[in-house]
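# Secondary and tertiary structure notes
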Amino acid sequence: MLSLRNVRAVRVWALFGVVVLAVNLRAAITGVAPVLAELKAQFGLSGFGTSVLTTLPVLCLGVFASLAPPLARRVGAEVAVAGALVLITTGILIRLLDSPVALFSGTVLAGAGIAAGNVLLPAIIKCQFPGRVGSVTGLAMMLMAGSGAFAAGLAVPLDHAAGWRVAFAVWAVPSAIAATVWAVRGRVDCRCVPATRTGATGATSAPGAPAGSLLRSPLAWSVAAFLGLVSLVFYVLVSWLPAIMREGGYPATEAGVMVSVMLLIGIPLGFVVPLLATRLGDQRPLVLVAAGLTAVGLAGLLLAPGSGWVWVCVLGLATGSAFPLAVTLLSLRSPSPVIAAGLSGMAQTVGYLLAGLGPLGVGALRGASGGWHVPLLVVLGLVVPETYFGLRTARPGFVRPLPTDGAGDGDGGRPGDGGGAAGPRIPAPRTEGRPLVRL
């Protein structure tokens, strides 16, 4: 039995783990776009090659996201996160080699590590801080936005001072430190996602996990679509905003700073929006505000490009609200850490594969049309389905895995009720909120 003092120590250690993890889930991606021109010159990349380079990290977030929940159930969430951070560190270091193959393969490794960290973060927060999902998610989102903004803003100055390799290499230090922290946690902390157990038939299941498939849940698909469309807009802007601004007459350094400012604006929102979302019974007003800001910012780039700084600030408010809201909804629509891990894996697999089409598709449209008007119009049009799926996701209720034989009639009811006509809510695992220390 853990004493109150030990429980508090575990909580503080868990919070520190969330902090060092969140710091490393953006920088390896956002630090690339500002130095794309230099990478293109160094390795002789074509326009298609640069588009692939900007798309690879997002595609990796989708391709590798589905592997994180089963890995966490097998080895424990802490060990899985430590391994993810090792992949990020290794990927960053491999990108420093003088080879385009190393540049792309290192990007894949770093993207795989970030994918696993992204998926497990909501489940860890749901497990360790069930009563403070909003504030801890907000802290994580704020740190992710801050590190991403810092990496984007620092990339060009470091490149000019010491070369793009130094601009990349500095981010191997915090990821290596974080990997060490989580490796230690894996020896002394709790399993947020319970390990699998094998029955007589050889099938595996997680303790506390209800039978059924999230793939049959309409609400789970809405969560995935909303996260995907929000992420698509975000990564299109992170990847191509510097190029859009440079083509509009802004110098390279200022264009890179614009991305950094857009991300910096999202830092306080990354904390405020999750906190507000958890206190509201209905998150649909937040969806409408975020979608409206996105539409205004994109329309402004199209109609009044000379006021670039104004639209960058508006887009900073939009992306700074939309992405933290989408991540928070992963926890709010999940009744337990086990469901949170599964929903996070599904939503990020589907969502980021969808989002990965954004930078690549926008780059292709730019090449085909010879300008940025057509790509921006297409992205602006995607705000409509983003709003639709966001409103569906933001309605109160829980995701309920449905039997693969088609039994069942929908997702769970509102949090705290008996489920209503949609059926009973899923009980949380007995270990939720009570960390079990592995000695």
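Read on for an overview of the structure.

Basis of the calculations
Residues numbered from 1 in each chain as written. Predicted model: local features only at pLDDT ≥ 70, side-chain atom pairs only at ≥ 80, totals over all residues. Heavy atoms only, no water. Helix = DSSP H or I, 4+ residues; strand = E, 2+ residues; numbered from the N terminus. Buried < 20%, exposed > 50% of the residue type's maximum accessible area, 1.4 Å probe, protein only. Contact = heavy atoms within 4.5 Å. Areas by Shrake-Rupley, 256 points an atom, 1.4 Å probe, with all protein chains shown as cover. Patch = residues over 30% accessible without salt bridge, like charges linked within 9 Å, V, L, I, M, F, W, Y side chains within 5 Å. Salt bridge = Lys/Arg side-chain N within 4 Å of Asp/Glu carboxyl O. Phe/Tyr/Trp six-rings, centres within 6.5 Å; stacked < 30°, edge-to-face > 60°. Lys NZ or Arg CZ within 6 Å of the ring centre and 35° of its normal. Axes fitted to C-alpha atoms, helices over the stretch in contact; angles between N-to-C directions.

Counting its secondary structure elements, the chain contains 17 helices and 2 strands. Considering the chain as a whole, with its 439 residues, one finds that 55% of them fall into the buried category. A separation threshold of at least 6 residues defines the contact pool for the chain, and within that pool the share at least 24 residues apart is 80%. Of the roughly 16700 Å² that the chain leaves accessible, carbon and sulfur atoms contribute 69%.

Another point: a nonpolar patch on the surface. Together, V272, L276 and L280 make up an exposed nonpolar region whose accessible area comes to about 220 Å². With respect to the helices, strands and loops of the structure, V272 is situated in helix α12 (residues 252-279). Accessibility expressed as a relative area gives 43% for V272, which makes it partly exposed.

As a further point, take the packing of aromatic side chains. All chains considered together, the criterion is met by 8 aromatic pairs. Ring geometry for F43 versus W164: centroids 5.6 Å apart, planes at 65°, classification edge-to-face. Of this pair, F43 sits in helix α3 (residues 36-43) while W164 is found in helix α9 (residues 164-169), placing the two residues 121 residues apart along the sequence. We note that F43, like W164, is buried. Ring centres of Y388 and F389 lie 5.0 Å apart, and the angle between their planes is 75°; this geometry places the pair in the edge-to-face category. Under the relative-accessibility criterion, F389 is labelled partly exposed at 26%. Taken together, the ring pairs in this structure connect F234, Y235, F323 and Y352 into an aromatic cluster. A cation over a ring is seen here: R26 above F323, with NZ or CZ 4.5 Å from the ring centre.

Moving on to the pattern of salt bridges. Enumeration over the complete set of coordinates arrives at 3 salt bridges. Salt-bridge contacts for D98 lead to R165; the nearest nitrogen and oxygen are separated by 3.3 Å. Highlighted residues: D98 in the loop between α6 (77-94) and α7 (100-128) and R165 in helix α9, separated in sequence by 67 residues. For R165, a relative accessible area of 28% translates into the label partly exposed. Residues R366 and E247 are paired through a salt bridge, measuring 2.7 Å at the closest nitrogen-oxygen approach. Here the residue R366 occupies a position in helix α15 (residues 337-369), and E247 occupies one in helix α11 (residues 218-247), the gap between them amounting to 119 residues. Taking relative accessible area as the criterion, E247 reaches 44% and is therefore assigned partly exposed.

With respect to the helices, strands and loops of the structure, L59 is situated in helix α4 (residues 47-63). Judged by its relative accessible area of 28%, L59 falls in the partly exposed class. For the pair formed by L59 and G358, sequence separation is 299 residues and the distance between their alpha carbons is 9.9 Å. Setting aside its immediate chain neighbours within four residues, L59 contacts L353 and G356.

Further remarks concern the packing of α15 against helix α16 (residues 373-381). The relative placement of two packed helices comes down to the angle between their axes together with the axis-to-axis distance. Between α15 and α16, the shortest axis-to-axis distance is 8 Å and the interhelical angle comes to 140°. Along its contact with α15, which presents V362, L365, R366 and S369, the element α16 presents V374, P375, V378 and V379.

Scope: geometric values only; no functional claims are made or implied.
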